[in-house]
Amino acid sequence: MENKMGYNASFAEEVFRNVDSGDEIKMCMNCGVCAASCPLREHMDYPPRQIFSLIRAGKREEVLGSQSIMLCTSCYTCVVKCPRSIPVMDVMHGLAHYALKKGYTPRIEAARFGKEFWNQVYRRGRVDERDLAQRAYFAGGFWEGVKKILEFADVGIKLVLHRRMKLIPEKKIKGISTLRKMLDKAEMLDKGRSVQ
Amino acid sequence: MDKKTAVYICTGCGIGDALNVEQLLEEGTEEFTIDVSKDHPCLCGVEGVEVIKKDIADEGINTVIIGACSYRVNYDVFNFGPDVIVERVNLREQVAWVMPPEDENTQELAEDNLRMGCSKAKDTQLPEPFKAEEEYSKDVLVVGGGIAGMTAALETAKAGYKAILVEKEDKLGGFLGKMKQSVTMPYKELADTGAAEMIAAVEAEEKIKVYTSSTVEKISGGPGIFSVDIKNNGNAVNERAGAVVQATGWVPYDANKLDHLGYGKFKDVITNVEMEEMAAAGKITRPSDGSPVKNVLFIQCAGSRDPEHLPYCSSVCCLVSMKQATYVKEQDPEAVNYVLYKDVRTVGQAEDFYRKAQQDGNIFIRGAATEVGEAGGKLFVEADDELLGENVKIEDLDLVVLAVGMVPASKPAVTPRIKAPADAENADEEGMIEVLPDSGFFANSALNLAYRQGPELPTLKYGFPDSHFICFPYETRRTGIYSAGCVKRPMETAKALDDAAGAAMKAVQCSELTAVGKAVHPRSGDMTYPEFNMNRCTQCKRCTEECPFGAINEDEKANPLPNPTRCRRCGVCMGACPERIISFKNYSVGMIGNMIKSVNVPEEDEEKPRVICLICENDALPALDMAGIKRMKWSPYVRFVQMRCLGSMNLVWIADSLSRGIDGILLMGCRHGDDYQCHFVKGSELANTRLSKVSETLDRLALESERVKFVEVGITDYEKIPKIIDDFMETIEEVGPNPYKGW
Amino acid sequence: MKYFLYWGCSLEASGANFLVSLKPSCEALGMEFLEIEDWNCCGASVSYAGAGDLAIKVANARNLAIAEAEGGYDVVAPCSSCYIQMIKVNHEIKEDPDLLEQVNVCLAEGGLKYRGNLNVRHIQDVLYNDIGVDKIKERVIKPLSGLKVAGYVGCQSVRPYGEYDSVNKPVVQDRLLEALGAEAVPFPNKIKCCGSGLFVPEMDYCMELVKNILEDALNHGAKLISTVCPMCAMNLEIYQNRINDHYGTHFDVPIVYLTQLMAIAFGMDMKKHAALNYNLIPPEGVIHAAIG
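Residues numbered from 1 in each chain as written. Chains lettered and ligands numbered in written order. Predicted model: local features only at pLDDT ≥ 70, side-chain atom pairs only at ≥ 80, totals over all residues.

*Asks:* How should the overall build of chain B be read in this particular structure?
*Replies:* Helix and strand content of chain B: 19 helices and 31 strands. Projected onto its principal axes, the C-alpha coordinates of chain B cover approximately 95 × 60 × 60 Å. Counting only residues that meet the buried cut, chain B has 52% of its 743 residues in that class. (Helix = DSSP H or I, 4+ residues; strand = E, 2+ residues; numbered from the N terminus. Buried ≥ 20, exposed ≤ 12 C-beta atoms within 10 Å, placed from the backbone.)

The following block contains the structure:
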């Protein structure tokens, strides 16, 4: 059988229902302004416009496994420029979140960094930059962590010297347990939506 | 008319500073009988106008020559009623504002301009409006009872006039009546078509006489005096009308020619019109087995924007497919619609419905279908997806809808062939030739005009009977006959409503103007008309063939039979006539010839060349004015002579000028060809053709061909005018002075 | 004028010079700051990797709910990331009442409720619209005349809502710099992205972005770059060595917060108030060269 990609509306439907801001892509008219305005467009395998086309075409693997969805710097330029007022950035974040949830790890370091960031919020209520960096570095294993630490040692030392990095770990906020309850509830509502 | 002539020179706007007015009044009027000559510092002011009015009242002045600004301004100020001839001489835009002040050449230019004005005023007569022998009708005949036709009839009635509505089917409504729902203003949701209400309104309107199951068998006469033979259910009826609106609509492009898209091969491949009929009948199902429809694919531009089929965009099909996709979703919210498109063209506010269609989750795929096939009882479509850059396959389809475009209903299914003229090149073995699209024969018989130049409206492109739609919306190339709706160009319902209302208003205007002997657009209000001195006619048929508006019929002996109410007063016939027997009261071959003769030609040793520029008043002359307003500079040796249309240019003027020692002739006319801008359709093209024969004249006089030049000037080309003139002057300098000077 | 100051995590660490200079310089203009009791992190722009959209919104709504209950003054967020996360919740719940309800279902777990009555403001917004350039000019003791500054706006302080400045051609920071007596040089890269939170994990791609911004500022004659975002300040400042190594460039451009320049112009202490000793690339040289 020839290697022809079949259009399949079910992935589009999956995205509309389950991905944060996913239904916004319905309004895309393929002008490409998002791609043209993106600071990291050159490094993307599929620029946003094409991601949207792939969703419509039903290319699940290509979309959820793409590098692009993890390469958003959150600069909001595409959001401002989109003539159809699609929050392109939110869609990309939504897709990245969904892809990671489904076990795809296209840009492993960005994923670890983001996950650890949220981890800090959830565990402590606040982010400790030093702890964040350390944990993100070591998320890939001990030796990789050591390598990274050494690589960024100069930056760390300078920041400490200029009183911009605390050596004492940040404390938990007082209401951490209620914060966690709130966040758990939010994730539960989110899951509930996905199951619908 | 016993003429008493006055000349007034305005010295305002810099004219007085640039010219010696005393000398101008003396030199410029020397050869003419002038009863009063005056100058005034502000002629267009209350006082200035009062001076003229007083002379008219006290001195019995009936011919006024005004040397001031362009005739295109202050025409209302210098209007002294129907009994006073007014001739405007341009001393401002063409002289004071563009030439060096107090200069000999500037002075001579002004004097020549004044001489030409005096000459023209001398030869001009007061117009006597045409009055037909028959009684005038102001009723409007509307052919076609769809949305456009019904609207035209209703708008006519609302304006207080009677309409006669002829529809070939047994009931009114046209395509509107066959639709399930429509998408129109404000383009948010589906709406009722409104057909039933509109039909009821037409039928209830006393001022509208409806003929269904009827056809127009013959239309003779002209605006104001149309005689219309109608066949109504087999009976012959005659009606009289002042003007006609053709609203015969459209037919879908023949999908049988689209077998590459599976039409005719697979029962479940249907056209958008068939889809609409199915939806209107109640339920959308698979035509092959009547089973429900889950997956639908619309192929946009099916045959449209395709040089092999319909080269143009019909502008409505995108919206129609979105509407039909909505029907599918309303019937089954789980159904999936794919729309395979080249470009989505939902113009203006219709974009809102595109947004709705996207919001509904319809899937738009940009690309072209490469194959439509069947597998396992379902259809599939393969397409080149432009955005993914690969060939894709959409399977499991229940229905494929071809969005076919609109063909004007006037276009015949088969291109007609007629007996070829003797010198035709493309005739077949039987001596027949294919009819050109704009010949007037290229149409189904909707109007059956008893016109020498063919029974139907000439078409412009793709079989649409249109004129220059930017300059003259609604106009066709038959005076008093206006096209409206999709027969003119593809349009959706909201635009058809506007279009039909506009056409009805033009029709009413035409009957009113015709009844008082006035011309319609673009010389609206003109009361002159071409008069034929039949004694000298040689039956050469040039006038009957060349009239762009089919105004002149012929008898069996080829004598021209003018129909003045059909005339647009362009003067093309006057330019065509080799015997110079056609003239207007204020525009004739002799009159223009005399103007040119009034231009002083300096002796060769003075080294002052003279060029006559015959300039079209519609685009080139306003552009020249604009160049003047912008204070651009050009040669002072050119004398501009205003033409109604360059098509009225008679070769004798060129011959006469050159034999008097004029060094060159420049002709400025409108763009011609496919994207013509000629206000009389063919005028500038005809002038150009005639010019090809000017070489005989030049050869006879042993003059260089470079002395005569035709240039196309558009209304926005003002900035090019100085260069056009300077380039020509350079050419004239190169070829040297005309040896006939001083003969 | 009372405001809640939501300074966020960065201003306690890598962006400390922002907070240290902001308080005295703004208080000198009559602003009074309250802290949101027991505030939590906004989640910034990278949390989507670990959290759903709703959870991030709830985290921000918690801070807003506390502030609303504690007096409802406008919340001023100096950090662009905090600002955008908070104002986004505010915008979206206004358009979507269902979202507000959902958020409140979650907040109820901690006995909180947000009514949506708060205004979230950026520090530039407050300085420009509440205080005004005239009042700032009055307070200037040492005008920064002759100091050529590239006012780097970045992304999230104006995009996407454009609450107080144009999203395409922002002018507020330049007007504020001019009020301090400095010369704001034209600077096309002023709203180009620095890489934000993606800089660390995607350094190879993001270094070019920072390089372009630095280059553009210098090409337009700037001697230093001012910013209002701790992320921008960090990306622009601490990786200059790395960029020099990678591209063979010689960047050594001081990056300062707008509030540091305010403290200097208001004649305050260079260390204690302007916090210049926090900067990795010392700006004192160019500042003294310009204003003596």
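So that's the structure; there's more coming.
*Asks:* I'm lost on the overall build of chain C in this one. Help?
*Replies:* Scanning chain C from N- to C-terminus turns up twelve helices and eight strands. Against the compact-globule benchmark of 19 Å for 292 residues, chain C has a radius of gyration of 19 Å, which places it among compact chains. The principal-axis extents of the C-alpha atoms in chain C amount to approximately 55 × 45 × 30 Å. By the burial criterion, 59% of the 292 residues in chain C qualify as buried. Taking all contacts inside chain C whose residues are at least 6 apart in sequence as the whole, residues at least 24 apart take part in 78%. (Rg over C-alpha atoms; globule rule 2.2 N^0.38 Å. Contact = placed C-beta atoms within 7 Å.)

*Asks:* For this particular structure, what's the right way to read the sheet that holds strand E9 (residues 226-232) of chain B?
*Replies:* Across a sheet, paired strands are connected by hydrogen bonds in the backbone, their directions being either parallel or antiparallel. Residues and elements named next belong to chain B. The antiparallel open sheet is built from three strands, whose spatial order is E8-E9-E10. Of all the strands in the sheet, the pair left with one neighbour each is strand E8 (214-220) and strand E10 (235-241). On average, adjacent strands in this sheet sit at an angle of 25 degrees to one another, irrespective of strand direction. (Pairing = 2+ DSSP bridges. Axes fitted to C-alpha atoms, helices over the stretch in contact; angles between N-to-C directions.)

*Asks:* What exactly am I supposed to notice about the interface of chain A and chain C here?
*Replies:* Contacts between the two partners involve 52 residues from chain A, matched on the other side by 48 residues from chain C. Counting only elements with at least two residues in the side of chain A that touches chain C, the list comes to helix H5 (77-81), helix H6 (88-101), helix H7 (108-124), helix H10 (153-161) and helix H11 (176-195) of chain A.

*Asks:* Even after reading the chapter, I still don't get the pairing of E10 of chain B, so can you show me in this structure?
*Replies:* It is a general feature of regular strands that their side chains alternate between the two faces of the sheet. All names here are of chain B. Direction of pairing for E9 relative to E10: antiparallel, over a ladder of seven bridges. Bridge assignment links Asn232 to a residue of E10, and that residue is Asn235. Once E9 ends, the chain turns through two residues before running back antiparallel as E10, passing Asn233 with a positive phi of about 50 degrees.

*Asks:* Help me understand the domain arrangement of chain C in this model?
*Replies:* By convention, interface size is frequently given as the accessible area that disappears when the constituent parts associate. All names here are of chain C. The domain boundaries assigned to chain C delineate domain 1 (2-122) and domain 2 (135-291). Computed over C-alpha atoms, the centres of domain 1 and domain 2 are 24 Å apart. With 26 residues of domain 1 in contact, the opposing surface of domain 2 contributes 28 residues. Counting residues per element, the ones that place at least two in the side of domain 1 that touches domain 2 are helix H1 (16-27) and helix H3 (80-95). (Domains from an automatic or database assignment.)

*Asks:* Looking at this structure, how should I read H6 of chain A?
*Replies:* Turn by turn, an α-helix covers 3.6 residues, leaving residues three or four places apart pointing in a common direction. Residue and element names in this part refer to chain A. In a regular helix each residue adds 1.5 Å, so 14 residues correspond to 20 Å; H6 covers 20 Å between its end C-alpha atoms and thus fits that length. Of all 14 residues making up H6, 13 are buried, and the element is well covered by its neighbours. Downstream of H6 by one or two residues, Gly103 has phi in the positive range, about 95 degrees. (Expected span 1.5 Å × (residues − 1).)

*Asks:* What is the right way to look at the interface of chain A and chain B in this model?
*Replies:* Taken together, the contacts link 16 residues of chain A with 18 residues of chain B. It is helix H3 (residues 48-57) of chain A that provides the largest number of residues to the side of chain A that touches chain B, a total of five residues.

*Asks:* Just to check I follow, could you spell out the nonpolar core for this structure?
*Replies:* Generally speaking, a soluble globular protein has its nonpolar side chains buried in company with each other. One finds Val140, Val142, Val245, Leu340, Val381 and Leu402 of chain B together with Val58 of chain C to be the most contacted residues of the largest nonpolar core, which totals 289 residues. Of the residues forming this core, the biggest block, ten residues, is contributed by helix H2 (residues 53-69) of chain C. Leaving out residues up to four positions away in the same chain, Val140 of chain B has contacts with Thr156, Tyr161, Ala163, Ala241, Gly242, Ala243, Val245, Ala504, Ala507 and Val508 of chain B. Ile56, Leu91, Met668 and Phe680 of chain B belong to the second-largest nonpolar core, a separate cluster that totals 101 residues. (Core = buried A, V, L, I, M, F, W, Y, C linked by C-beta atoms within 7 Å.)

*Asks:* What is the right way to look at the confidence of the model for chain C in this model?
*Replies:* In low-pLDDT segments, the atomic positions of the prediction should not be examined closely. Residue and element names in this part refer to chain C. Looking at chain C as a whole, the pLDDT averages 95, with 100% of positions reaching at least 70. Model confidence for chain C, summarised as mean pLDDT per element, is weakest for helix H12 (residues 284-291) at 92 and strongest for helix H11 (residues 258-265) at 98. The complex prediction reports pTM at 0.85, with the ipTM value standing at 0.92. (pLDDT = per-residue confidence, 0-100.)

*Asks:* When you look at helix H10 (residues 351-359) of chain B in this model, what are you seeing that I'm missing?
*Replies:* Residues and elements named next belong to chain B. Among the residues of H10, Phe353, Tyr354, Ala357 and Gln358 are the ones counted as buried. All buried residues of H10 project into a common sector of 145 degrees when viewed along the axis, lining one side. Those residues of H10 hidden inside the fold are in contact with helix H9 (317-331). Gly361 sits one or two positions beyond H10 and adopts a positive phi of about 90 degrees. (Arc of directions from axis to C-beta.)

*Asks:* Got a minute to help me understand the domain arrangement of chain B in this structure?
*Replies:* Residue and element names in this part refer to chain B. If you check the domain split of chain B, you get domain 1 (1-126), domain 2 (140-249 + 410-515), domain 3 (252-407) and domain 4 (588-743). Computed from C-alpha atoms alone, the centre-to-centre distance between domain 2 and domain 3 is 30 Å. Across the contact, 16 residues belong to domain 2 and 21 residues belong to domain 3. Class assignment for the residues of the side of domain 2 that touches domain 3 results in ten nonpolar, one polar and five charged. (Nonpolar A, V, L, I, M, F, W, Y, C, P; charged D, E, K, R; others polar.)

*Asks:* How do you make sense of the arrangement of the chains when you look at a structure like this?
*Replies:* Counting contacts across all two pairs of chains that touch, the top-ranked interface belongs to chains A and C. A minimum C-alpha distance of 17 Å separates chain B and chain C, which share no contact.

*Asks:* I would appreciate a short explanation of unusual backbone geometry in the present structure.
*Replies:* Of all residues except glycine, most have a negative phi; of all peptide bonds, most are trans. The omega angle of the peptide bond from His521 of chain B to Pro522 of chain B is 0 degrees, so this bond is cis rather than trans. Counting through the fold element by element, Pro522 of chain B comes out in the loop between helix H11 (493-515) and strand E24 (531-532). In this chain, Arg159 of chain C is followed by Pro160 of chain C through a cis amide linkage whose omega measures -5 degrees. Residue position: Pro160 of chain C is located in the loop between strand E5 (148-151) and helix H7 (172-179). For Asn74 of chain B, which is not a glycine, the phi torsion comes out positive at approximately 55 degrees. Summarising the element assignment, Asn74 of chain B is placed in the loop between strand E3 (63-68) and strand E4 (85-90). If you check the backbone angles, Asp38 of chain C has positive phi at about 55 degrees while not being a glycine. The topology assignment puts Asp38 of chain C in the loop between strand E2 (32-35) and H2.

*Asks:* Mind showing me how you'd approach the packing of helix H8 (residues 203-219) of chain C against helix H10 (residues 240-247) of chain C here?
*Replies:* All names here are of chain C. Direction vectors running N to C along H8 and H10 enclose 100 degrees, while the axes themselves pass 10 Å from each other. Taken together, the axes of H8 and H10 lie roughly perpendicular to each other. For the pair H8 and H10, the contacting residues are Met207, Val210 and Lys211 in the first and Arg242, Ile243, His246 and Tyr247 in the second. In terms of residue class, the contact of H8 with H10 is made up of four nonpolar, one polar and two charged. (Parallel < 35°, antiparallel > 145°, perpendicular 65-115°, else oblique.)

*Asks:* Would you explain the pairing of strand E17 (residues 378-385) of chain B in this entry?
*Replies:* Residue and element names in this part refer to chain B. Sheet analysis places strand E16 (residues 363-375) next to E17, joined by eight bridges and oriented antiparallel. Counterpart to Glu374 in the pairing with E17 is Leu379. The antiparallel pairing of E16 with E17 creates a hairpin that spans two residues between the two strands, and Gly376 there sits at a positive phi of about 60 degrees. Of the pairings in the sheet, the one linking E17 to strand E18 (residues 390-397) comprises six bridges and is antiparallel in character. Along E18, the bridge assignment pairs Glu382 with Lys393.

*Asks:* Would you mind showing me how to read the environment of Glu603 of chain B here?
*Replies:* Residues and elements named next belong to chain B. Summarising the element assignment, Glu603 is placed in the loop between helix H14 (589-598) and strand E28 (611-616). Put simply, Glu603 and Gly661 are 58 residues apart on the chain and 9.0 Å apart in space, counted from C-alpha to C-alpha. Aside from chain neighbours lying at most four places away, what touches Glu603 is Lys741 and Gly742.

*Asks:* Could you clarify how one ought to interpret the sheet that holds strand E4 (residues 120-122) of chain C in this entry?
*Replies:* All names here are of chain C. If you walk across this open sheet you meet the four strands as E2-E1-E3-E4, and the pairing is parallel. Pairing within the sheet leaves two strands with one partner each, and these edge strands are E2 and E4. In this sheet, neighbouring strand axes are inclined to one another by 40 degrees on average, regardless of whether the strands run parallel or antiparallel. By the bridge criterion, two bridges tie strand E1 (residues 2-5) to strand E3 (residues 75-77) in an arrangement that is parallel.

*Asks:* Would you mind showing me how to read the environment of Gln125 of chain B here?
*Replies:* Residues and elements named next belong to chain B. Of note, Gln125 is situated in the loop between helix H5 (104-123) and strand E5 (140-143). Residue class for Gln125 comes out partly exposed when judged on the 15 C-beta atoms lying within 10 Å of it. For the pair Gln125 and Thr528, spaced 403 residues apart in sequence, the C-alpha to C-alpha distance is 9.7 Å. Residues in contact with Gln125, not counting those within four places in the same chain, are Met1, Lys585 and Asn586.

*Asks:* Explain the environment of Gly12 of chain B to me, please; I cannot follow it from the model alone.
*Replies:* Residues and elements named next belong to chain B. In this fold, Gly12 is placed in the loop between strand E1 (5-10) and helix H1 (15-18). For Gly12, a count of 19 C-beta atoms within 10 Å corresponds to the partly exposed category. Beyond its immediate sequence surroundings of up to four residues, Gly12 is in contact with Pro41, Cys42 and Leu43.

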